[in-house]
Amino acid sequence: MTSTTLRSATTSRARVSTFTLKLAMAVTGWLFALFAAVHMYGNLKAWFGADAYNGYAHWLHNALYPLLPRDGLLWIMRIVLAVALVVHVVASLVLYLRGRRARGRFRRRGHNRWAAATMPWTGLLLLAFLTFHILDLTLGIAGAAEYRAATADESFAYQNTVASMGRPLAGAAYLLAMLVLLVHLVHGLWSSATEFGLTGRRTRKAWKVIAYVLAIGITVGNLTLPIGVWTGLL
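Quick caveat, the model's predicted, so the values are computed rather than measured. (Residues numbered from 1 in each chain as written. Predicted model: local features only at pLDDT ≥ 70, side-chain atom pairs only at ≥ 80, totals over all residues. Heavy atoms only, no water.)

## A few points about the confidence of the model for the protein chain
Argument step 1. Averaged over all residues, the pLDDT of the protein chain equals 83, while 82% of them reach at least 70.
Argument step 2. When the criterion is pLDDT under 50, residues 3–13 qualifies, and its contacts beyond four places in sequence or with other chains add up to 1 contact.
Argument step 3. Note that pLDDT drops below 50 for residues 105–111; the model gives that stretch 5 contacts with residues more than four away or on any other chain. (pLDDT = per-residue confidence, 0-100. Contact = heavy atoms within 4.5 Å.)

## A look at the environment of Ala177
Argument step 1. If you trace the backbone, Ala177 turns up in helix α8 (residues 168–195).
Argument step 2. Filtering out sequence-adjacent residues up to four positions away, Ala177 remains in contact with Leu126 and Phe129. (Helix = DSSP H or I, 4+ residues; strand = E, 2+ residues; numbered from the N terminus.)

## Side note on the packing of aromatic side chains
Argument step 1. Counted by the stated rule, this structure contains 6 aromatic pairs.
Argument step 2. Here Tyr53 and Tyr158 contribute two aromatic rings whose centre-to-centre distance is 6.1 Å and whose plane-to-plane angle is 70°, an arrangement assigned as edge-to-face. Taken as a pair, Tyr53 in helix α3 (residues 50–62) and Tyr158 in helix α7 (residues 157–166) lie far apart in primary sequence, 105 residues in all. There is no split in this pair, since Tyr53 and Tyr158 are both buried. (Phe/Tyr/Trp six-rings, centres within 6.5 Å; stacked < 30°, edge-to-face > 60°. Buried < 20%, exposed > 50% of the residue type's maximum accessible area, 1.4 Å probe, protein only.)

## Observations regarding the nonpolar core
Argument step 1. Counting residues in each nonpolar core, the largest one holds 32 residues, and the members touching the most others are Met178, Leu185, Leu189, Leu214 and Ile218.
Argument step 2. Here this core takes 10 residues from α8, the largest share from any one element.
Argument step 3. Setting aside residues no more than four positions away along its own chain, Ile218 makes contact with Ala33, Ala36, Ala37, Met40, Leu181 and Leu185. (Core = buried A, V, L, I, M, F, W, Y, C linked by side-chain atoms within 4.5 Å.)

This is the structure we're talking about:
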């Protein structure tokens, strides 16, 4: 066996299959969707008043105590989501580069082609917004002066959120991010049916309905937060 053939065989064995990468993206994508749904549920607490919203924040910080230390569950969630984010981004980058190299071998048509083409860009926009959102409401270093100092205290969660959404640029960024999330979720959740091996016609139709309902529900639920603040209802 020549050295060139040996290198080729080694590279082939080390190369992660496209199916594995797509499956990893599907699994992590659904994990993010479920997290977004839970996050949306928490946001809806704002409509029941400051005590309900702050109480939910307090529960998150103290869940399973004393089995877990304070913020223990939150840190487990953060670590799991951080690992999932790395896997999702790396897999998407590899698939994007492979798709670029394979350009011209096949063509997608219609809505699927447009949606697939926008996925890398909507993903980047969501990553940029996530960074800002963490700096704003989790770390408090990109927030307004009136709530920056109290951002680590869950008893101020409602006040901090309303103050953040009340800033025109922050509120508009949140609204735009939710619309981008809608596009990203709809295509991502729907296309994951293929990676999960769902081939039956009825099953795929049901999966499509679930994907659309979940994506639209998450988006509408989260959009009520800035709209509520802007209209003075929150």
